[in-house]
Structure formats: structure tokens, C-alpha cells
Amino acid sequence: MSAIDDLPPLREVIRQHALSARKSLGQNFLLDLNLTARIARAAGPLGDATIVEIGPGPGGLTRALLALGARRVIAVERDERALAALQEISERYPGRLEIVAGDATGFDPRPLLDGERATIVANLPYNIATSLLIDWLSIEPWPPWYDMMVLMFQREVAERIVAHENEEAYGRLAVLSNWRAETKILFDISPAAFVPQPKVTSSVVRLVPRPAPEPCDRRALEQVAAAAFGQRRKMLRQSLKSLGVDPARLAAAAQVDPTRRAETVPVSGFVAMARELTDIRNDKSIA
């Protein structure tokens, strides 16, 4: 019996179902149910919550979410070996766990939500974690279908998500993340907590969507950030040339000197440059 429910310990579940972690699927199983419960609690009161979980594997975090009262968990798992273990959890919590067998990439839960908001909670597979986050931050229209994300990443990726200007980790991912969400690293998890042990520390990050981010075209913002950070050691007057417009005009819109580098420009500056880029292109299309 485990610490949170009367289901078998996770090591026994893994043994029973031959669930050795597969590197090709980015799997590192978190077996400490105290830690999975800590992640679940970070999502706030769960009593009336609908949770979307990505890559549940043997179901440690799934069990914690349900044991702590989540009304409904939609678990998306592409590893067919894990489905039987998840089905046992479903039988322990009847009517509260919905198992979706398939790839999380491109998965849209809205048809399953009946217009309700959900919370995303996941120990994300390392190999698709960043791409999934970018997809969730790129949803249109905004605000999105979720009200919060509590996600585990490699520590290096977590630092890139929450970084601000003049910090070493600040880059394109931080611009997109902090434009559309309030971000915070909640706590770290040691490699020793996982099977197999990764070579790096993991971090749990909370992202809360901003209901009204500073207005600009998302694609234009991504293009400006990509150009600026693509040559991050160069001044803006040089790195922004790839956009095909006058870099000085973009820098002026952001009220920054064109001799500055990308890592010194706050998110609001990138938003201002994106708006100016859109205006320039619209003027050209009219002409």
C-alpha cells in the first residue's frame, strides 16, 4: 500500500507491467509519491478541477491528483505499455480518470472539456517538453482553454522560461512565456528521485496565463525575438536587419538604443518592436 492510496507502490507497478523507461519517449519516472503529491498541490485546490496530464507513465502523478481530490483527470499517454496500469487507477477512482491513448503533440482537449477551463499538470517527457509549451503559449484566440500550467522541466529549460532581461538564460522562450503568462520556478527535484536517474536537476514551473497580454501579433513577436536572439552577441541594428525593415525604426518604437543587444531588451520592448513591424508591413501592403 502506498502513502497516498491503497494501490501498489510505483516500483511494483513498473515491475508488474514491465514499464522500463524508454529514452526514445523521453521517460524518467518519478517514483516518490510524496513528490508527486507536492506537484499536485502546486496546482492549487483540486476539488472542482479538471486536469489535463501529459505522459503519466505508471501514474504516480495521476494518483496524487486523484487522491488530493481532482474531480477529473484527462491523461494522455502514447506508451501502450502504460495503459493497463492507468486502467487500474481508473478502476480505483471510477468516473474520474479519462485515458487518452495517443501522442500529446497536437492533442486538443477542448472537445472533452465541454467549455470548462482546465489545468495542465505534467512531468513532461524531456524530448517534447519545450515544443509542447510553445504550442500551449501560441494558442489563438487568447486567453486559452487552461487556467494554469504546473510543469516539470530540466532546470536549464525552466531557467530559460522564467528569465528576465539582463539574465544569462533570457531568450526567445522567455519573451514568449513572459509575454503571455506569469512564470515562476516553484521547486527543484533531485535526479535521485527518478528512474532512471537523469543527469540534470529538474524544476517544477508554474505558468498562469495573462488575461490580457500587451497587444501585438504573436507571429511578429516571434519573428522579432528570433532575429534578435539569433545573433544575440550583435547589436540590434545588425541582428534585426534579417527582418527586411529599418532596425533603427524598430528600436525607436521600443525606446531602446539600436546599439543595445537583445538580452538587454525587456519583453515590453519586443512587443513594441513587433507592433511596429506589423505596422510597417501593413503600410507596405497598402502601398
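Remember, predicted model here, so these are calculated numbers, not experimental data.

Asker: Which residues make up the packing of aromatic side chains, and what are the values?
Answerer: The tally for this structure, following the rule as stated, stands at four aromatic pairs. Summarising the aromatic geometry, the rings of Trp142 and Tyr146 are spaced 6.3 Å apart at their centres and angled 85° between planes, so their arrangement reads as edge-to-face. Tyr146 shares its class with Trp142; the two are buried. Aromatic side chains Tyr170 and Phe229 sit 5.6 Å apart centroid to centroid with 85° between the ring planes, which places their arrangement in the edge-to-face category. Separated by 59 residues along the polypeptide, Tyr170 in the loop between helix H7 (155-162) and helix H8 (172-180) and Phe229 in helix H9 (residues 218-230) bring together distant segments of the chain. A residue is classified by how much of its surface remains accessible, and Tyr170, at 0% relative accessible area, is buried. Take Phe229: its relative accessible area is 8%, and that puts it in the buried class. Every member of this aromatic cluster is reached through a ring pair, and the members are Trp142, Trp145 and Tyr146. Here the guanidinium or amino end of Arg38 rests over the ring plane of Phe187, the centre of that ring lying 3.9 Å away. The cationic tip of Arg92 hangs over the ring face of Tyr93; the distance from NZ or CZ to the ring centre is 4.6 Å.

Asker: Tell me what's going on with empty space enclosed by the protein, and back it up with residues and numbers.
Answerer: A complete count under the given rule lists two cavities of 30 Å³ or more for this structure. The leading source of residues in the lining of the second largest cavity is helix H4 (residues 83-92), at three residues.

Asker: If you had to explain the nonpolar core to someone new, which residues and values would you point to?
Answerer: In this structure, Trp136, Leu151, Phe153 and Phe270 are the most contacted members of the largest nonpolar core, which totals 65 residues. It is helix H12 (residues 267-286) that contributes the most residues to this core, eight residues altogether. Contacts of Leu151, omitting those with residues within four sequence positions, involve Ile120, Ala122, Leu124, Leu133, Trp136, Ser203, Val204, Val205 and Leu207. Listed in part, the 31 residues of the second largest apolar core include Ala49, Ala75, Met152 and Phe194.

Asker: Give a description of the environment of Ala169 that names residues and reports values.
Answerer: Mapping Ala169 onto the fold places it in the loop between H7 and H8. Taking the C-alpha atoms as reference points, Ala169 and Glu263, separated by 94 residues in sequence, lie 8.8 Å from one another. The residues contacting Ala169, other than those within four sequence positions of it, are Glu159, Arg160 and Ala163.

Asker: I'd like a description of helix H2 (residues 33-41), backed by residues and values.
Answerer: Taken together, the buried positions of H2 are occupied by Leu33, Leu35, Thr36, Ala37, Ile39 and Ala40. The N-terminus of H2 is capped by Asp32, whose side-chain oxygen sits 2.8 Å from the backbone nitrogen of Asn34.

What counts as what
- Residues numbered from 1 in each chain as written.
- Predicted model: local features only at pLDDT ≥ 70, side-chain atom pairs only at ≥ 80, totals over all residues.
- Heavy atoms only, no water.
- Phe/Tyr/Trp six-rings, centres within 6.5 Å; stacked < 30°, edge-to-face > 60°.
- Buried < 20%, exposed > 50% of the residue type's maximum accessible area, 1.4 Å probe, protein only.
- Helix = DSSP H or I, 4+ residues; strand = E, 2+ residues; numbered from the N terminus.
- Lys NZ or Arg CZ within 6 Å of the ring centre and 35° of its normal.
- 1 Å grid on protein atoms, 1.4 Å probe; cavity = no way out; pocket = protein on both sides within 12 Å on 5 of 7 lines; lining within 4 Å.
- Points joined across faces, edges and corners; volume = space filled by probe spheres on them.
- Core = buried A, V, L, I, M, F, W, Y, C linked by side-chain atoms within 4.5 Å.
- Contact = heavy atoms within 4.5 Å.
- Polar contact = N/O pair within 3.5 Å; in protein donor to acceptor, adjacent residues only side chain to side chain.

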